[in-house]
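Structural description and commentary
Chain by chain, the residues run as shown.
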Amino acid sequence: MTPADRARAVAGRLLAEADQRLPREESFPAAARSIGLTARVGRWLGITFAICFVTGLASHLAQNPPFGIDVWPARPSWLYRLSQGVHVTTGVASIPLLAVKLWSVAPKFWRRPLLGGLLLALERGSILVLIAACGFELLTGLANVAQFYGWTFFFPRMHFAMAFVAVGSILLHIAVKLPVIRSALGQPAVTPAPGGWSRRGVLGLAATGSGLAVLTTVGDKIGALSPVSVFSQRTGAGPQGLPVNGTAAALGVGGPATSDQWRLTVAAGPRSLELTRAELLALPQRRARLPIACVEGWSFDADWTGVRLADLLALVGARPTRVQVISLDRGLYGRSVVSAQLAADPDSLVALSLNGMPLALDHGYPCRLIAPNRPGVLQTKWLSRIEVL
Ligand SMILES: Nc1nc2c(c(=O)[nH]1)N[C@H]1C(S)=C(S)[C@@H](COP(=O)(O)O)O[C@H]1N2
Ligand SMILES: [Mo]
């Protein structure tokens, strides 16, 4: 026997063993499972995934201007809040739907032969990629919302890249299954089954699970639902009625932010100006009601008062243009770019007060950026410098 023969014999024996021991398609109680059910849950899942994908692209666009071109608009001020709230909500709604859909096809995973020819192996492989990519997107998204970062990759980049794998494999899956889907949707989903769950019961369960997942988490986006939203990540609790993720202490900016030495530098080429907080307060003040809308999906409206960004730029002889704002915080979110369009918006402020009180240290004292239709991650706190790019 050559080594290759021996390897083939071992593989054959293992496969035969697996064939004996692993569950079989026929051993699953089939009463409530049907392709009618699978296709219907699949259709819901297709809708939630499509919305989730498009709103995810929007969030990426708002944070990463393609080729440095600022395509994300300054108005309407609530657009990012809505779009990111919908992104997280459709993701959450998808989890119970995906679970039910997997359950409905589970017996098929054990169909014999386990490994047929190349075509079957390819089909099974593509389904594996589909499940892995969709599962990865939903689970990492959920973990991000729960602020769990127990991995070594950079979440936004990985979540963005895998979205294309997920959508690609979904489109392939739909294309391959189109004839089956067509006929399945034509069949009744609800043939009464003797005993156990009916198919209508399972469909109802999928819808209820999905609805409950949304209702119990949506309170940090829609305040009116917060009493029933027991699992929502954020409440209005926090200084000045707004939640705080990153405190000044955690980011190590408490000292310089409260120091007498603090100044805001505004620089346009060779011209620059240093302003104390008192000097900022002496400039014309503007009030704006704008949301903080975190990429995690939570969002809260607040009243902000401060100096218009455009007015500050005018002080150093600059017209509203693309600027970078820089924080005392040297971390990942310690700087952000403001588009020319946004810099010109009258509601783009260097905020000094929040809900009628001087800005709390954890909200960015001495001053922070707040501007319309902007991901929360770009609303930079504890500003120290604004420079024309
Ligand atoms: N300098 C600085 N500004 C920042 C952050 C930060 O980590 N450092 N976090 C951002 C994020 S992710 C959001 S959602 C908003 C509100 O965050 P908060 O809840 O930490 O105040 O502030 C933004 N501004
Ligand atoms: Mo955020």
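Scroll up to find the structure.
Residues numbered from 1 in each chain as written. Chains lettered and ligands numbered in written order. Predicted model: local features only at pLDDT ≥ 70, side-chain atom pairs only at ≥ 80, totals over all residues. Heavy atoms only, no water.

Further remarks concern the site of ligand 1. Contacts to ligand 1 come from 18 residues, most closely from Asn 245, Gly 246, Asp 329, Gln 379 and Lys 381. Residue Gly 246 places a main-chain N or O atom 2.8 Å away from an oxygen atom belonging to ligand 1. Separating an oxygen atom of ligand 1 from a side-chain N or O atom of Lys 381 is a distance of 2.6 Å. Burial of ligand 1 by the surrounding chains reaches 93%, relative to a free accessible area of 510 Å². Here the shell around ligand 1 is built from residues that sort into nine nonpolar, six polar and three charged. (Near = heavy atom within 4 Å. Polar contact = N/O pair within 3.5 Å; in protein donor to acceptor, adjacent residues only side chain to side chain. Areas by Shrake-Rupley, 256 points an atom, 1.4 Å probe, with all protein chains shown as cover. Nonpolar A, V, L, I, M, F, W, Y, C, P; charged D, E, K, R; others polar.)

Let us now look at the environment of Arg 277. If you trace the backbone, Arg 277 turns up in helix H9 (residues 277–282). Residue class for Arg 277 comes out buried when judged on its relative accessible area of 14%. When the C-alpha positions of Arg 277 and Gln 84 are compared, they lie 33 Å apart, and in sequence the two are 193 residues distant. When near neighbours in sequence (up to four residues on either side) are disregarded, Arg 277 contacts Trp 262, Leu 352, Pro 358, Leu 359, Tyr 365 and Pro 366. (Helix = DSSP H or I, 4+ residues; strand = E, 2+ residues; numbered from the N terminus. Buried < 20%, exposed > 50% of the residue type's maximum accessible area, 1.4 Å probe, protein only. Contact = heavy atoms within 4.5 Å.)

With that out of the way, let us pick up the packing of helix H2 (residues 35–63) against helix H6 (residues 199–215). In the contact formed by H2 and H6, the axes pass within 10 Å of each other and the chain directions differ by 15 degrees. One way to sum up the angle between H2 and H6 is to call them roughly parallel. Handedness of the crossing formed by H2 with H6: right-handed. In this structure, H2 uses Leu 37, Arg 40, Val 41 and Trp 44 to contact H6, whose residues at the interface are Arg 199, Val 202, Leu 203, Ala 206 and Ala 207. Its residues placed into classes, the contact of H2 with H6 shows seven nonpolar, no polar and two charged. (Axes fitted to C-alpha atoms, helices over the stretch in contact; angles between N-to-C directions. Parallel < 35°, antiparallel > 145°, perpendicular 65-115°, else oblique. Left-handed = near helix turned anticlockwise from the far one by under 90°.)

The subject of this paragraph is the sheet that holds strand S5 (residues 323–327). Judged by pairing direction, the sheet is mixed, and its five strands sit side by side in the order S2-S1-S10-S5-S6 without closing on themselves. Strand pairing shows two members of the sheet lacking a second neighbour, strand S2 (271–275) and strand S6 (335–338), which therefore form its edges. Strand-to-strand, the axes of this sheet are offset by a mean angle of 15 degrees, without reference to chain direction. In the sheet, S5 pairs with S6 via four bridges, with the strands oriented antiparallel. Along S6, the bridge assignment pairs Ile 326 with Arg 335. (Pairing = 2+ DSSP bridges.)

With that settled, the discussion passes to the side chain of Thr 140. One can find Thr 140 in helix H4 (residues 118–145). The buried category is assigned to Thr 140, whose relative accessible area is 5%. Of note is the side chain of Thr 140, whose polar atom sits 2.7 Å from the backbone oxygen of Phe 136.

In summary, soluble globular proteins display a tendency toward joint burial of nonpolar side chains. Counting residues in each nonpolar core, the largest one holds 30 residues, and the members touching the most others are Leu 264, Leu 280, Leu 309, Leu 312 and Ile 386. Where this core is concerned, the elements lending two or more residues are strand S1 (264–268), helix H10 (309–315), S5, helix H11 (340–344), strand S7 (349–354) and strand S10 (383–388). Beyond its immediate stretch of four places on either side in the chain, Ile 386 contacts Leu 264, Thr 265, Val 266, Ala 267, Leu 309, Leu 312, Leu 313, Val 323, Gln 324, Val 325 and Val 350. Of all hydrophobic cores here, the second largest spans 17 residues; its members include Val 41, Leu 97, Ala 133 and Leu 138. (Core = buried A, V, L, I, M, F, W, Y, C linked by side-chain atoms within 4.5 Å.)

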